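Observations on the model geometry
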Amino acid sequence: MAGLTASAGIAGWVEFTLLRRTLNRRIGATGLPLGFVARLWLAAGAAAAAGWGIKLAIGTRRPVLGAALILTPYVAVYFAAAVLLKVEEVRGALARWKR
């Protein structure tokens, strides 16, 4: 089963690379600045670490309850980290949500 998952992941990246190269040829440079992507990955990593820690603490007997207990802090940590890392899109999303 792991081989199937790995091959699907590799195929997805190959398709993404080919699509991006074609888009770059047709419409010009595409992509995101490295600093922006790094901030997003850092926020996601912090949120994943928090979610994983909660998963280890509570176990997996009741998956629906576990999902709620894991995903709620994950989202909170992701948004907090993204705000601290000055990701403007997150600030805009939070401002719209507050209205």
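Here the structure is shown first, and the text comes after it.
What counts as what
Residues numbered from 1 in each chain as written. Predicted model: local features only at pLDDT ≥ 70, side-chain atom pairs only at ≥ 80, totals over all residues. Heavy atoms only, no water. Axes fitted to C-alpha atoms, helices over the stretch in contact; angles between N-to-C directions. Helix = DSSP H or I, 4+ residues; strand = E, 2+ residues; numbered from the N terminus. Parallel < 35°, antiparallel > 145°, perpendicular 65-115°, else oblique. Left-handed = near helix turned anticlockwise from the far one by under 90°. Contact = heavy atoms within 4.5 Å. Nonpolar A, V, L, I, M, F, W, Y, C, P; charged D, E, K, R; others polar. Phe/Tyr/Trp six-rings, centres within 6.5 Å; stacked < 30°, edge-to-face > 60°. Buried < 20%, exposed > 50% of the residue type's maximum accessible area, 1.4 Å probe, protein only.

A few words now on the packing of helix α3 (residues 63-84) against helix α4 (residues 88-98). Two elements in contact, α3 and α4, have axes whose closest approach is 8 Å; the angle formed by their N-to-C orientations is 120°. Here α4 runs oblique to α3, going by the angle between their axes. Between α3 and α4 lies a crossing of left-handed hand. Where α3 abuts α4, its residues F79, A82 and V83 lie against V90, R91 and L94. Split into classes, the residues belonging to the contact of α3 with α4 amount to 5 nonpolar, no polar and 1 charged.

Turning to the packing of aromatic side chains, a few remarks are in order. For the coordinates displayed, the defined rule picks out 2 aromatic pairs. Between W13 and F16, the ring centres sit 5.5 Å apart and the planes meet at 85°, which makes this aromatic pair edge-to-face. Taken together, the residues span about one helical turn, with W13 and F16 both in helix α1 (residues 2-27) at a distance of 3 residues. On the basis of an interplanar angle of 90° and a centroid distance of 6.1 Å, the ring pair of Y78 and F79 is categorised as edge-to-face. On the accessibility criterion, F79 (28% relative accessible area) is partly exposed.

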